Amino acid sequence: MKKIVEYRKLLNVDKTATLKDLKTIYRNAMKEAHPDKFSGDDEGLKAAEENSKNIIEAYHFLVSINPETIEQLKPEYNETVANATITDYKFVEGRLIIDFSNGSVYEYISVPKATYVKMVNAESPNRFAKRHILNTFFWRKKINQD
């Protein structure tokens, strides 16, 4: 959740922002922070490049967890969690990344480390995940391995 709050603060949006709102806000933020505006100013250019990277990352993350995006992906997600098995998983900074047998990869946000440890130690991590993680935590589909 901390990551979500930071990204919303960076783009100055709230929970109710639509995909259209996010796109407009993203474009305006990129106009302000675009590195091309700082040609000849090396220090400003470096800061603008870093700021642009952060804005791009925040935008893509917020789009991926937006209710409209989740609603579009829900049928595919439900099919995956109902029929595919977990082939691999890893825990990175409060995020649980799960690979499924159908090739899908989903990231579960703000999973407590204790929950992850219980999953690892469970007799059936797949069953534990279905009962305690897959429909409990915010999720987003991972398109690439970022």
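The structure contained in this document is the topic of the report that follows. Per-chain numbering applies: the sequence of each chain, read as written, is numbered from 1 onward. In keeping with the predicted nature of the model, local features appear solely for residues at pLDDT of at least 70, side-chain atom pairs appear and are counted solely at 80 or more, and the whole-chain, interface and lining totals rest on all residues. Processing note: side-chain calculations cover all non-hydrogen atoms of the structure and skip hydrogens and water entirely.

## Brief notes about the pattern of salt bridges
Stage number 1. Any Lys or Arg side-chain nitrogen found within 4 Å of a carboxyl oxygen on Asp or Glu counts as a salt bridge. Counted by the stated rule, this structure contains three salt bridges.
Stage number 2. Measuring nitrogen to oxygen at the nearest pair gives 2.2 Å for the salt bridge that ties E76 to K141. Remark: K141 occurs in strand β4 (residues 139-141) and E76 occurs in helix α4 (residues 67-83); sequence separation between them is 65 residues.
Stage number 3. For every residue, the accessible area (1.4 Å probe, protein chains only) is compared with the maximum for its type, and the residue is labelled buried under 20%, exposed over 50%, or partly exposed between those bounds. For E76, a relative accessible area of 33% puts it in the partly exposed group.
Stage number 4. Residues R140 and E107 are paired through a salt bridge, measuring 2.5 Å at the closest nitrogen-oxygen approach. Here R140, found in strand β4, pairs with E107, found in strand β3 (residues 105-109); they are 33 residues apart in sequence, far enough to count as distant.
Stage number 5. Each of R95, E107 and R140 takes part in a single network of salt bridges with overlapping partners. Here a helix means four or more residues in a row that DSSP labels H or I, a strand means two or more in a row labelled E, and each is numbered from the N terminus.

## So, the side chain of S64
Stage number 1. Positionally, S64 belongs in helix α3 (residues 42-65).
Stage number 2. Judged by its relative accessible area of 12%, S64 falls in the buried class.
Stage number 3. Between N or O atoms, a polar contact is any pair within 3.5 Å; within protein, one atom must be a potential hydrogen donor and the other a potential acceptor, and residues adjacent in sequence are included only when both atoms are from side chains. Side-chain polar atoms of S64 contact the backbone oxygen of F61, separated by 2.6 Å.
Stage number 4. Contacts are assigned to residue pairs with any non-hydrogen atoms lying within 4.5 Å of each other. Residues contacting S64, with those up to four places away along its chain left out, are T69, I70 and R140.

## A closer look at the sheet that holds strand β2 (residues 95-100)
Stage number 1. Strands pair, by our definition, only if DSSP identifies at least two bridges between them. Here we have four strands laid out as an open sheet, ordered β1-β2-β3-β4, and antiparallel in their pairing. Two strands close off the open sheet at either side, each with one partner strand: β1 (86-92) and β4. Mean inter-strand twist for the sheet, computed between neighbouring axes without regard to direction, equals 20°.
Stage number 2. Here β2 pairs with β3 via five bridges, running antiparallel. By the bridge assignment, L96 is partnered in β3 with Y108.
Stage number 3. Lines fitted to C-alpha atoms define the axes, with helix axes restricted to the stretch in contact, and inter-axis angles between N-to-C directions lie between 0 and 180 degrees. Taken strand by strand, α4 contacts β2, β3 and β4, and its axis lies near 90° from that of β4.

## Side note on the packing of helix α2 (residues 19-33) against α3
Stage number 1. Running from N to C, α2 and α3 point in directions that differ by 175°, and their axes come no closer than 10 Å. When the axes of α2 and α3 are compared, the pair comes out roughly antiparallel. Between α2 and α3, the contacting residues are L19, L22, K23, Y26, A29, M30 and A33 on the first element and A48, N51, S52, I55, I56, Y59, L62 and V63 on the second.
Stage number 2. Residues are grouped as follows: Ala, Val, Leu, Ile, Met, Phe, Trp, Tyr, Cys and Pro are nonpolar; Asp, Glu, Lys and Arg are charged; all remaining types, including Gly, are polar. Split into classes, the residues belonging to the contact of α2 with α3 amount to twelve nonpolar, two polar and one charged. Angles are sorted into four bins: roughly parallel if under 35 degrees, roughly antiparallel if over 145, roughly perpendicular if 65 to 115, and oblique for all others.

## Side note on the nonpolar core
Stage number 1. Counting 19 residues, the largest nonpolar core has L96, I98, F100, Y108, M119 and L134 as its most contacted members.
Stage number 2. Among the secondary structure elements, those contributing two or more residues to this core are α4, β2, β3, α5 (113-121) and α6 (125-132).
Stage number 3. In this text, buried Ala, Val, Leu, Ile, Met, Phe, Trp, Tyr and Cys residues form a nonpolar core when linked through side-chain atoms within 4.5 Å. Listed in part, the 17 residues of the second largest apolar core include L11, V13, A58 and L62.

## What about the packing of aromatic side chains?
Stage number 1. Centres within 6.5 Å make a pair out of two Phe, Tyr or Trp rings, where for Trp the six-membered ring is used; the pair is then stacked when the planes are under 30 degrees apart, edge-to-face when over 60, and tilted otherwise. Using the criterion set out here, one finds nine aromatic pairs in the structure.
Stage number 2. For the pair F91 and Y116, a centre-to-centre distance of 4.9 Å together with 20° between the ring planes defines the contact as stacked. Placement of the pair is F91 in strand β1 and Y116 in helix α5, with a sequence separation of 25 residues.
Stage number 3. With relative accessibility at 17%, the residue Y116 sits in the buried group.

## Thoughts on unusual backbone geometry
Stage number 1. At E93, a residue that is not glycine, the phi angle is positive and equals roughly 50°.
Stage number 2. Mapping E93 onto the fold places it in the loop between β1 and β2.
Stage number 3. Even without glycine at this site, S110 takes up a positive phi of about 65°.
Stage number 4. Residue placement: S110 occurs in the loop between β3 and α5.
Stage number 5. Its relative accessible area of 28% is what places S110 among the partly exposed residues.

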